[in-house]
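Chain residues, written in single-letter form:
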Number of protein chains: 2
Amino acid sequence: MNNLRDRRRRQTARDIQQAALRVVLRIGYGAATTDAIAAEAQISPRTFFNYYPNKQAAILGQPPKLDRDAGQWFETSDQPLVGDILRLLAQMLGDDPLDRTIMSMIKQVVDRTPELLPLFRMSLDEMTQALSDLLLARLGPDRTWEAMLIAELSTHALSNAVHSWVADDRMTVDCVLGLVRQQLDRIGALLVAGVKSTERSCG
Amino acid sequence: MNNLRDRRRRQTARDIQQAALRVVLRIGYGAATTDAIAAEAQISPRTFFNYYPNKQAAILGQPPKLDRDAGQWFETSDQPLVGDILRLLAQMLGDDPLDRTIMSMIKQVVDRTPELLPLFRMSLDEMTQALSDLLLARLGPDRTWEAMLIAELSTHALSNAVHSWVADDRMTVDCVLGLVRQQLDRIGALLVAGVKSTERSCG
DNA sequence: CACATAAATGCATACTGTGCAATATTTGCT
DNA sequence: AGCAAATATTGCACAGTATGCATTTATGTG
């Protein structure tokens, strides 16, 4: 079976990530060389690059993945959109629960090293893309931009909510999703305030 | 006056950017070394890094800047939010008009090199941050997340609209803003569809 | 013109990331 | 257990990225 090897591989990936986080928190991102991280993880410098393409990837590890196939129901649902998005996110977080310790360390690193913030944002991109694809299938091809924007919005709202979750031990996953809903609802309210209708002039 | 020197400096920065875009479009992003770009721009390899901190920055040049000070009116306006955001963006595009040729080349590069797409996204971040600050001042400190999300949404919608503008010579800046409004309005409509009210459970 | 300032350059150097080949380890199978 | 195939780890060489520092060159000012 591949299973055993795969488990070891994932464990090593996690080990390297934690080593990277430890070293970076100890001496700072700039000073943390890949060699130092490899030493901390007790692997050869070369092996480091067998697991992660670069230092940043090692810090982030692999972000949770939204399974496109497991979201077939989403495309044809006639329930309210926001509720369905929340169900998708719940599904994803259930499949691949976040590790509060790791997330907390990542947050510390990003806080100390603001130039890494965009990187952290980027790590959401795979999820954003998957969600965007599902939304596109649901909304239709003439709503490509809207699908992308709502996907962005949803993943960023999730990111915000996860930030709160990291900072508060008592918070449950349900609360995270509640926060996401709250944000999306408020955004909707802000956007429609005072709007009559959209007239298109060109394009 | 510094003014003359400054103009030369900005011109050199533009020259280097165009050289970078030419080289990258000719031989691809991966194969385009900083040395080759410096040669194309007829400067020494070392000088390249006096102008841009890295290759990516040279390709993007400096993205348009949203002047926080010029947006004081925004914070206290009682007009509809979306309309005010559009006025801000119009102001910004008026101050610092985009170059269609450059944008078109950037688009070609990003199309050929998908791994650069996040980079392009990042280049919007400064604008997003400025807009987010203005929104925060307007919405109040208890709407921090909403301010960030609406800022994201607006700049991404702008990015989408600019994509269309690049592809269509006849499109004017007004049309770009019209597209932004259209997207924001539609997002609002999608988000509020079927929503009764937000009940908060925790946090 | 001569001086002060800023820009451009050359050189040395640390670090990143990749390809390749050699070695070691694990796995499936008998 | 023992063998062969697959997979993982490692060392080495090397191209490229980026920075610091000292030096040279160009430019604007009086």
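Residues numbered from 1 in each chain as written. Chains lettered and ligands numbered in written order. Predicted model: local features only at pLDDT ≥ 70, side-chain atom pairs only at ≥ 80, totals over all residues. Heavy atoms only, no water.

Caption draft 1: View of the overall build of chain A. Looking only at helices and strands, one finds 11 helices and 0 strands in chain A. Looking at chain A residue by residue over its 203 residues, the buried ones come to 46%. Taking all contacts inside chain A whose residues are at least 6 apart in sequence as the whole, residues at least 24 apart take part in 63%. As displayed, chain A has an accessible area near 10500 Å², and 50% of this comes from carbon and sulfur atoms. Measuring between centres, the 24 positive side-chain charges of chain A sit 5 Å from its 25 negative side-chain charges. (Helix = DSSP H or I, 4+ residues; strand = E, 2+ residues; numbered from the N terminus. Buried < 20%, exposed > 50% of the residue type's maximum accessible area, 1.4 Å probe, protein only. Contact = heavy atoms within 4.5 Å. Areas by Shrake-Rupley, 256 points an atom, 1.4 Å probe, with all protein chains shown as cover. Lys, Arg positive; Asp, Glu negative; His and termini not counted. Charge placed at Lys NZ, Arg CZ, Asp CG, Glu CD.)

Caption draft 2: Spatial organisation of the relation of the copies chain B and chain A. For the pair chain B and chain A, the relating rotation is 180°, the translation along its axis is 0.0 Å, and the fit reaches an RMSD of 0.1 Å. Taken together, the rotation and translation relating the two chain copies correspond to the operation of a two-fold axis. When C-alpha positions in chain B are compared against the rotation axis, the closest is assigned to G188(B), at 2.3 Å. By residue overlap, the copies meet face to face through one surface: 100% of the interface positions of chain B are interface positions in chain A. (Least-squares fit on C-alpha atoms with pLDDT ≥ 70 in both.)

Caption draft 3: Layout of empty space enclosed by the protein. In the structure shown here, the tally under the stated rule is 3 cavities of 30 Å³ or more. Put simply, the largest cavity is a space of about 130 Å³. In this structure, the largest cavity is lined by P118(A), R121(A), M122(A), D125(A), E152(A), H156(A), P118(B), R121(B), M122(B), D125(B), E152(B) and H156(B). For the lining of the largest cavity, the secondary structure elements donating two or more residues are α8 (117–122) and α10 (144–167) of chain A together with α8 (117–123) and α10 (144–167) of chain B. Across the lining of the largest cavity, the residue classes break down as 4 nonpolar, 2 polar and 6 charged. (1 Å grid on protein atoms, 1.4 Å probe; cavity = no way out; pocket = protein on both sides within 12 Å on 5 of 7 lines; lining within 4 Å. Points joined across faces, edges and corners; volume = space filled by probe spheres on them. Nonpolar A, V, L, I, M, F, W, Y, C, P; charged D, E, K, R; others polar.)

Caption draft 4: Representation of the packing of helix α7 (residues 100–112) of chain B against α10(B). All names here are of chain B. Two numbers describe how α7 lies on α10: the axes approach to 9 Å, and their chain directions differ by 105°. One way to sum up the angle between α7 and α10 is to call them roughly perpendicular. Across the interface between the two elements, R100, M103, S104 and K107 of α7 pack against V162, H163, W165 and V166 of α10. Partitioning the contact of α7 with α10 into residue classes produces 4 nonpolar, 2 polar and 2 charged. (Axes fitted to C-alpha atoms, helices over the stretch in contact; angles between N-to-C directions. Parallel < 35°, antiparallel > 145°, perpendicular 65-115°, else oblique.)

Caption draft 5: Examining helix α6 (residues 81–95) of chain A more closely. Taking 1.5 Å as the rise per residue, α6(A) with 15 residues should run 21 Å; its terminal C-alpha atoms sit 21 Å apart, in good agreement. For α6(A), the full list of buried residues reads L81(A), V82(A), G83(A), D84(A), I85(A), L86(A), L88(A), L89(A), M92(A) and L93(A). Looking at the buried positions of α6(A), the neighbouring elements they touch are α5 (72–76), α9 (125–139), α10 and α11 (173–192) of chain A together with α11 (173–192) of chain B. (Expected span 1.5 Å × (residues − 1).)

Caption draft 6: Spotlight on the domain arrangement of chain A. All names here are of chain A. Each assigned domain of chain A is listed with its residue range as follows: domain 1 (2–60) and domain 2 (69–192). Just the C-alpha atoms count here: the centres of domain 1 and domain 2 sit 27 Å apart. The interface of domain 1 with domain 2 comprises 10 residues on the first partner and 11 residues on the second. Summed over both sides, the interface between domain 1 and domain 2 buries roughly 1000 Å², with carbon and sulfur atoms accounting for 83% of that surface. When the buried surface of domain 1 facing domain 2 is broken down by residue, L21, L25 and L60 rank first, second and third, together holding 56% of it. Taken together, the connections running from domain 1 to domain 2 amount to 0 salt bridges. Listing elements by their share of the side of domain 1 that touches domain 2, those giving two or more residues are α1 (2–27) and α4 (55–60). In terms of residues, the side of domain 1 that touches domain 2 owes the most to one element, α1, which gives 6 residues. (Domains from an automatic or database assignment. Buried area = accessible area lost by both parts, 1.4 Å probe. Salt bridge = Lys/Arg side-chain N within 4 Å of Asp/Glu carboxyl O.)

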